[in-house]
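# Observations on chain architecture
One letter stands for each residue in the lines below.
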Amino acid sequence: MNWIAAVSIASAALAVAFGAIGPALGEGRAVAAAMDAIARQPEAANTISRTLFVGLAMIETMAIYCLVIALLLLFANPLLK
Amino acid sequence: MISPLDSPVLFHVGPIPISEPVVITWAILAALTAGGLALRRRLELVPSSTQAACELVVEAVDSQIRDTMRVDPAPYRAFIGTLFVFIFVANWSSLIPGVTPPTARLETDAALALIVFFAVIWFGVRAGGLKGYLATFATPNPLMIPLNFVESLTRTFSLLIRLFGNVMSGVFVIGLVLSLAGLVAPIPLMALDLLTGAVQAYIFAVLAMVFVAGAVAEAAPESPSNERTPP
């Protein structure tokens, strides 16, 4: 195993680890705000949860991007070919 | 370890390699079409339980389109409904042992995202004409043309990566846990995977609705079909 492979594996792990922090904090805030809104206005729960789901998917995409970068590093690394 | 980024080739038709997700996609399409045709032959005024379940799906799709796009759902029902049903069935096809969902492969998701990309253009041009649609790129001012153009490409790309990443990571994690911990361990993860699959199908359909609604509303600001109805 040469050093490019070693660095690739380490950076894939780093990408997933640190890439999960931001979306996790963001999703937590989004869910908390949605809970607050539903508690204040239970009749708007349908609209709020629909918007919440779409918003969560948007936030989650950031973590998924990191995962895809990690997979590219592990399985389709252009430097190792 | 098998890379999640490439798909195994099963056989060749002439020079064209036919891979595993293509065959599974064909099977899903055939099953959905056959089911739809069989159901259509037995439509009754007093619905059977199968017909009632399908009507429930159609009405759910209709109400989502009405809520999200604020237009009459009829012109969009076929497109959005097909996207939702296909992605839903494809995500849940992992329930059949030995089947990898075709949405866990990059190519299927790329095809779905491209369909949405061209559908946005098609619905926008149909609502406001070619000139009206092209003018939406210059809103709010012509300085935004490159940004709007890049946005329409990147959001297609993010649709693709979102669906691929979510479904593929589910399959990948189940594979890892299965190889580490044994036969029964991944069952809760599979349940979570089913939930994710349903949510992702819903999200994909809602985002397609939002993109189409944006193009239609901007291309034809005061057409009667675009009238705001109370939710």
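Keep in mind that this is a model prediction, so the values were computed, not measured. (Residues numbered from 1 in each chain as written. Chains lettered and ligands numbered in written order. Predicted model: local features only at pLDDT ≥ 70, side-chain atom pairs only at ≥ 80, totals over all residues.)

### Looking at the overall build of chain A
Put simply, the test is: A run of DSSP states H or I qualifies as a helix once it reaches four residues; a run of E qualifies as a strand once it reaches two. Both are numbered from the N-terminal end. Here the radius of gyration uses the C-alpha set of atoms, whereas the globule reference equals 2.2 Å times the residue count to the power 0.38. Residues are called buried when their C-beta atom has 20 or more other C-beta atoms within 10 Å, exposed when it has 12 or fewer, and partly exposed otherwise; all C-beta atoms are positioned from the backbone. Two residues form a contact once the distance between their C-beta atoms, set from the backbone, is within 7 Å.
On a plain count of helices and strands, chain A comes out with two helices and zero strands. Relative to a compact globule of 81 residues, whose C-alpha radius of gyration would be 12 Å, chain A shows 18 Å and is clearly more extended. Looking at the 81 residues of chain A, the share that counts as buried comes to 15%. Of the contacts made within chain A by residues no fewer than 6 positions apart, 85% connect residues no fewer than 24 positions apart.

### Some words on the packing of helix 2 (residues 49–69) of chain B against helix 3 (residues 74–92) of chain B
Residue and element names in this part refer to chain B. Our working rule: For every element, the axis is a line fit to its C-alpha atoms; helices are fit only across the contacting stretch, and the angle between N-to-C directions ranges from 0 to 180 degrees. Roughly parallel refers to an angle under 35 degrees, roughly antiparallel to one over 145, roughly perpendicular to one between 65 and 115, and oblique to any angle outside these ranges. Handedness of a crossing is defined here by the sense of rotation of the near helix relative to the far one, left-handed for an anticlockwise turn of less than a right angle and right-handed for a clockwise turn. Charged residues are taken to be Asp, Glu, Lys and Arg, nonpolar residues to be Ala, Val, Leu, Ile, Met, Phe, Trp, Tyr, Cys and Pro, and polar residues to be all remaining types, Gly included.
It is at 10 Å that the axes of helix 2 and helix 3 come closest, and there the two elements cross at 115 degrees. In terms of orientation, helix 2 and helix 3 fall into the roughly perpendicular class. In the crossing of helix 2 with helix 3, the sense of the turn from one axis to the other is right-handed. The segment helix 2 lies against helix 3, with Val58, Val61, Asp62, Ile65 and Met69 engaging Tyr76, Arg77, Ile80, Gly81 and Phe84. Grouping the constituent residues of the contact of helix 2 with helix 3 by class yields seven nonpolar, one polar and two charged.

### Some points on the interface of chain B and chain A
Between chain B and chain A, the contact holds 13 residues from the first and 11 residues from the second. Every element with two or more residues in the side of chain B that touches chain A is listed here: helix 5 (145–181) and helix 6 (187–219) of chain B. At six residues, the largest contribution of residues to the side of chain B that touches chain A is made by helix 5 of chain B.

### Comments concerning the nonpolar core
The condition is simple: Note on terminology: a nonpolar core is a set of buried residues of type Ala, Val, Leu, Ile, Met, Phe, Trp, Tyr or Cys, with members joined through C-beta atoms within 7 Å.
With 39 residues, the main nonpolar core has B:Ile80, B:Phe204, B:Ala205, B:Ala208 and B:Val212 as its most contacted residues. Among the elements of the structure, helix 2, helix 3, helix 4 (106–135), helix 5 and helix 6 of chain B are those that each provide at least two residues to this core. By residue number, the principal contributor to this core is helix 6 of chain B, which donates 13 residues. Excluding residues within four positions of it along the chain, B:Val212 makes contact with B:Tyr76, B:Ala119, B:Val120 and B:Phe123. By size, the runner-up hydrophobic cluster in this structure holds nine residues, among which are A:Ala63, A:Cys66, A:Ala70 and A:Leu73.

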